[in-house]
Amino acid sequence: MSDVRKWESKKLGVVIEVDYDKCKGIGECAIVCPSSVYEVVDGKTTAPNIDDCIQCCACQEACPTGAIRHSSCR
Ligand code: SF4
């Protein structure tokens, strides 16, 4: 079983899933996100500010391990 964590914005109807088996905590998502959605905590990324997401898909594209799945980005 993979360890997939999920954050949801009810306000935006957006879901971000991060596969913690793939996340290395390097924080590329936090660097590229224009809305400061992400925060790396104890070596893994989290998305506490998902309500500020502008659905640009930069995070999903930037992640070198493909750990991020964003519901607005295919
Ligand atoms: S889609 Fe854009 S704004 Fe939303 S979390 Fe990813 S990088 Fe940030």
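Conventions used here
Residues numbered from 1 in each chain as written. Predicted model: local features only at pLDDT ≥ 70, side-chain atom pairs only at ≥ 80, totals over all residues. Heavy atoms only, no water. Salt bridge = Lys/Arg side-chain N within 4 Å of Asp/Glu carboxyl O. Buried < 20%, exposed > 50% of the residue type's maximum accessible area, 1.4 Å probe, protein only. 1 Å grid on protein atoms, 1.4 Å probe; cavity = no way out; pocket = protein on both sides within 12 Å on 5 of 7 lines; lining within 4 Å. Points joined across faces, edges and corners; volume = space filled by probe spheres on them. Nonpolar A, V, L, I, M, F, W, Y, C, P; charged D, E, K, R; others polar.

Student: Looking at this model, I keep getting lost on the pattern of salt bridges. Mind explaining?
Tutor: Between side chains of opposite charge, pairing is possible as soon as their charged atoms come close. Taken as a whole, this structure holds 4 salt bridges when the rule is applied. For Lys10, the salt bridge goes to Glu8, with nearest N and O atoms at 3.9 Å. On the basis of relative accessible area, Lys10 is assigned to the exposed category, the value being 71%. Note that Arg69 is salt-bridged to Glu17, the shortest N-O span being 3.5 Å.

Student: Before we go on, may I ask you to explain empty space enclosed by the protein in this structure?
Tutor: Any space left empty among the atoms is revealed by the rolling of a water-sized probe across them. Counted under the stated rule, the structure contains 2 cavities of 30 Å³ or more. Lining the largest cavity are 15 residues, with Cys23, Lys24, Gly25, Ile26 and Cys63 sitting closest to its centre. Along the lines of polarity and charge, the residues of the lining of the largest cavity split into 8 nonpolar, 4 polar and 3 charged. In this model, the second largest cavity occupies a volume close to 70 Å³. For the lining of the second largest cavity, the residue count by class is 11 nonpolar, 2 polar and no charged.

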